[in-house]
Amino acid sequence: TAATVLAQAPQPDSDAIHARVNAILHKMTLEEKLDYIGGTGFAIRAMPKLDLPAFEMSDGPYGVRSNAGLPSTTYAVGIGLAASWDRGLAARAGEAIGRDARARGIHYMLGPGIDIYRSPRNGRNFEYFGEDPFLTSAIATGYITGMQTQGVSSTVKHFLGNNSEFLRHDSDTVVDERTLREIYLPGFEAAVKKAHTGAIMDSYNFVNGTHMTQNGHFNTDLLRKEWGFKGVNMSDWVATYDAVGAANGGLDIEMPTGKFMNRKELLPAIKSGKVTEATIDEKIFHILDTAARFGWLDRPQADPSLSLFDAQNNTVALDTAREGIVLLKNEGNLLPLNKSAIKSILVVGPDAYPGVPVGGGSAGVKPFHNVSDLEGLSTLLGPGVTVYYDRGLPTLSELARNTHFTTAAENGKPGVTVETFHNADLSGPPASTTVARSINNAGTSIQTIIEDPEAMAALFSGAAPRESSRRWTGYYTVAQPGRYILALQAPGEGSGNRVYLDDKLIIDDWKIVRAIEPHLTLQLLAGPHKIVVEDWQRSPIGGRIRLAIVAESKVVNAKAKELAAKADAVVIAAGFDPDSESEGGDRTFDLPFGQNQLIRELAAVNQKTIVAVTSGGNVDSQSWINQIPAYLEAWYGGQSGGTALAEVLFGEVNPSGHLLATFERRAEDN
């Protein structure tokens, strides 16, 4: 077995490998070279006449997100894995994902993500390893080393300073040299110098005034010359903005396609002397040298001895879920619960069923089987204990569908007036005016695009996106004055929205998407209130918009309170999901709408209420933390999150996870 593993691991660079690579390189025409440095969706293109196969890539990083829609073993996400503080477990996880990748013929796994956690609101914190550069370095080294023993290259990302999702294409991360060296660079340096990562992915943002995909200071002077990086430097998907800048700035391959780094853009630049052919040759050399060192030129990448469903990896997935759970509060030693003393338990909350293995975006792996908290507890407790279940809250879609508007303050028709414009700024007369029953349009989110191969192809086709905008106008009539929750759902990147209440702007995500699912609690007087929602979208992402209004006193299901009152204990599965915490937009510091109220109301009727939060970081717990005796941070537990939580609650596994980011009491403390 050891010999087999060693045979799969990348070889050291050598003169023989260089000679082989140069022999292939010298057979390429300049035009073929320029074709080669533009991707083909999720691969480096095949060149049959040179016996070069396509080098396939897959998103992850906590399971193989197959481009063919196949499920995969799904591991606890990065922040949960790192909360174990266990380098060995990180190596086991990397190795297991490497096996899953080999079973599917994947050469490059697009992970791990190691950007530093700065704010709990960052939509991709769940993919990363926390705020500490030493811990990040240690976990990244373990993960990468484990994966690459299987002959699969890791792609450490997002280099550099991609610490929030809003305006990720446009924001400039301005960092002084000492801070870069002490906080933002150590993880990447360890990935290069200690783990010898095969690839690095450049981020969308600027750093110190220059887009990372054309930032020669970092891509060439630092990575290549100072650290000795020998692998492939690829762009994030559609993160390239200038052909000459990227070519001279150290980028080896533009993904997903050569929109800029192509014949049309670079042949004239080479002819005029703005880019040299030697610069292009370096890029080809890095790609082929990596392929030769990993053995991809000598064997098929798909390993027929490995199963698509690798049973041994299920144990690794369960361990990653078990070891990351953090016990934040245990007043009166309520936990562990006594299995013999519990006759009934309520499992409640939006994340109780179905399970939520990962957050949204490109990290959205599809498990073969996903153990929810409801299933995990039911299985562990067996037939002798009654396990009650209620979601506790309506979904946002249900609530939007049942939020009734009229077209005028008095004597209006049911519904909202919808004006549609063929531009992104509501300018000119509307192209159409209709009446909709509610503000509840499914549209297309980033998550939907990522899960649909045809939609992904459309996104990366290079066709000019279509822009449109809408204005939704209606009147919401309040029967009883009081506190009301207003919740909005939008797609995130590639769109914008804003909400007016009685002509006052109350949500403004028009230019900067601060949160994908913002919500407010408002004091409303009786009578009609004018609601205007405006949104724009740039196809193919966009169009999704939902707005819901509900009295705070009525948002919690009555059935949930009834069950909580009679159960011996209550487990509230609170937190986020792929629609509310995702790539392409940041999230709220508050839990999603209604969840604070759910916790408060159930804690009032059952003193043994335990809150387990699914998230990529801290949440605002101030409105309920003093009302509950037990509180756990469960992160996103992958396919076995429900099993792990049940084992922790009943003492079969010790909650030994550690925080890896500061958990502030209030947003103002960040």
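In this text the structure is predicted, and so the values were computed from the model without any measurement.

A few words now on the sheet that holds strand β23 (residues 569-575). One open sheet holds the six strands; their spatial order is β10-β25-β24-β23-β11-β12, and the pairing between them is mixed. Edge positions in the open sheet fall to β10 (326-330) and β12 (386-390), since each of these has one partner strand only. Geometrically, the sheet is characterised by an average inter-axis angle of 15° between neighbouring strands, direction not taken into account. Sheet topology note: the β10/strand β25 (residues 630-633) ladder contains four bridges and is antiparallel. If you follow V326 over to β25, its bridge partner there is E633. With respect to the sheet, helix α19 (residues 595-605) is in contact with β11 (344-348), β23 and β24 (609-614), its orientation differing from that of β23 by roughly 170°.

Here M255 and P256 are connected by a cis peptide whose omega angle stands at 5°. The residue P256 is located in the loop between α10 (243-248) and α11 (263-272) in this model. Cis geometry is adopted by the peptide bond preceding P336, which originates at L335 and carries an omega value of 0°. Mapped onto the elements of the fold, P336 is located in the loop between β10 and β11. One non-glycine residue, W85, lies in the positive phi region at around 50°. Note that W85 resides in the loop between α4 (78-82) and α5 (87-103). In the Ramachandran plot, D503 falls in the positive-phi region, its phi being about 70° despite a non-glycine side chain. Here D503 is to be found in the loop between β18 (495-501) and β19 (504-509). Under the relative-accessibility criterion, D503 is labelled exposed at 56%.

The buried fraction of helix α20 (residues 641-649) is high, at eight of nine residues. Buried residues of α20: G641, G642, A644, L645, A646, E647, V648 and L649, and no others. Where α20 is buried, its residues touch α13 (311-324), α14 (373-381), β23, β24 and β25. G651 sits one or two residues past α20 and shows a positive phi near 80°.

Okay, the pattern of salt bridges next. Summed over all chains, the structure comprises 37 salt bridges. A salt bridge links R65 to D59; the nearest nitrogen and oxygen atoms lie 3.0 Å apart. For the pair formed by R65 and D59, the shared burial category is buried. Across the pair R538 and E467 runs a salt bridge, and its minimum N-O distance is 3.2 Å. In this pair, R538 is assigned in strand β21 (residues 527-538) and E467 in strand β16 (residues 467-478), connecting sequence segments 71 residues apart. What makes R538 partly exposed here is its relative accessible area of 35%. Among the charged side chains, a network of salt bridges with common partners joins R124, E127, E165, R168, E493 and E583.

Ranked by internal contacts, the top residues of the largest apolar core, which has 91 residues, are F159, L160, I572 and W624. Every residue in contact with F159, bar those within four places of it in the chain, is listed here: L185, F188, I200, M201, D202, S203, M212, F218, N219, L222 and L223. By size, the runner-up hydrophobic cluster in this structure holds 46 residues, among which are Y36, L52, A292 and W296.

Let's shift gears to the side chain of S344. Within the secondary structure, S344 is located in strand β11. In this structure S344 comes out as buried when scored by relative accessible area, which is 7%. With sequence-adjacent residues up to four places away left out, S344 is seen in contact with V385, T386, Y388, K566, A567, D568 and A569.

Moving on: the sheet that holds strand β7 (residues 206-207). Ordered by their spatial adjacency, three strands build an open sheet running β5-β7-β8, and the pairing between neighbours is mixed. What marks the edges here is a single partner per strand, and that holds for β5 (172-173) and β8 (210-211). Here β7 pairs with β8 via two bridges, running antiparallel. Bridge assignment links V207 to a residue of β8, and that residue is T210.

Helix α6 (residues 133-148) packs onto α5 with a crossing angle of 35° between their chain directions and a minimal axis gap of 6 Å. In this structure, α5 crosses over α6, and the sense of that crossing is right-handed. Each of R87, A90, A91, G94, E95, I97 and G98 in α5 lies in contact with α6, whose residues at this interface are F134, A138, I139, G142, Y143, G146 and M147. Of the residues belonging to the contact of α5 with α6, the class tally is eight nonpolar, four polar and two charged.

It is worth spelling out a nonpolar patch on the surface at this point. Residues L70, L308, F309 and F368 make up a contiguous nonpolar surface patch of about 330 Å² in total accessible area. Its location among the elements puts F309 in the loop between α12 (277-293) and α13.

Relative orientation and spacing of two packed helices are given, respectively, by the angle between their axes and the distance between those axes. Packing of α14 against α20 brings their axes to within 7 Å, and their N-to-C directions diverge by 50°. As the angle between them shows, α14 and α20 are arranged oblique. Like other packed secondary-structure pairs, α14 and α20 cross with a definite hand, here right-handed. Facing D373, G376, L377 and L380 of α14, the residues of α20 in contact are G641, G642, T643, L645, A646, E647 and L649. The residue makeup of the contact of α14 with α20, split by class, is five nonpolar, four polar and two charged.

Once that is clear, we can look at the environment of K259. With respect to the helices, strands and loops of the structure, K259 is situated in the loop between α10 and α11. The class of K259 is exposed, set by a relative accessible area of 54%. In this structure the C-alpha to C-alpha distance between K259 and D242, which are 17 residues apart in sequence, comes to 9.3 Å. Those residues within four positions of K259 in sequence are excluded, and the remaining contacts are E254 and E265.

Our next topic: the packing of aromatic side chains. Taken as a whole and judged by the stated rule, the model has 14 aromatic pairs. Ring plane angle 55° and centroid distance 5.4 Å describe the contact between F126 and Y636, whose orientation is recorded as tilted. One end of the pair, F126, is in the loop between β3 (108-110) and α6; the other, Y636, is in the loop between β25 and α20, with 510 residues separating them in the sequence. As far as the burial class goes, F126 and Y636 line up, both buried. Its end group placed over the ring of W510, R498 keeps NZ or CZ at 3.8 Å from the ring centre.

Definitions and cut-offs
Residues numbered from 1 in each chain as written. Predicted model: local features only at pLDDT ≥ 70, side-chain atom pairs only at ≥ 80, totals over all residues. Heavy atoms only, no water. Pairing = 2+ DSSP bridges. Helix = DSSP H or I, 4+ residues; strand = E, 2+ residues; numbered from the N terminus. Axes fitted to C-alpha atoms, helices over the stretch in contact; angles between N-to-C directions. Contact = heavy atoms within 4.5 Å. Buried < 20%, exposed > 50% of the residue type's maximum accessible area, 1.4 Å probe, protein only. Salt bridge = Lys/Arg side-chain N within 4 Å of Asp/Glu carboxyl O. Core = buried A, V, L, I, M, F, W, Y, C linked by side-chain atoms within 4.5 Å. Left-handed = near helix turned anticlockwise from the far one by under 90°. Nonpolar A, V, L, I, M, F, W, Y, C, P; charged D, E, K, R; others polar. Patch = residues over 30% accessible without salt bridge, like charges linked within 9 Å, V, L, I, M, F, W, Y side chains within 5 Å. Areas by Shrake-Rupley, 256 points an atom, 1.4 Å probe, with all protein chains shown as cover. Parallel < 35°, antiparallel > 145°, perpendicular 65-115°, else oblique. Phe/Tyr/Trp six-rings, centres within 6.5 Å; stacked < 30°, edge-to-face > 60°. Lys NZ or Arg CZ within 6 Å of the ring centre and 35° of its normal.

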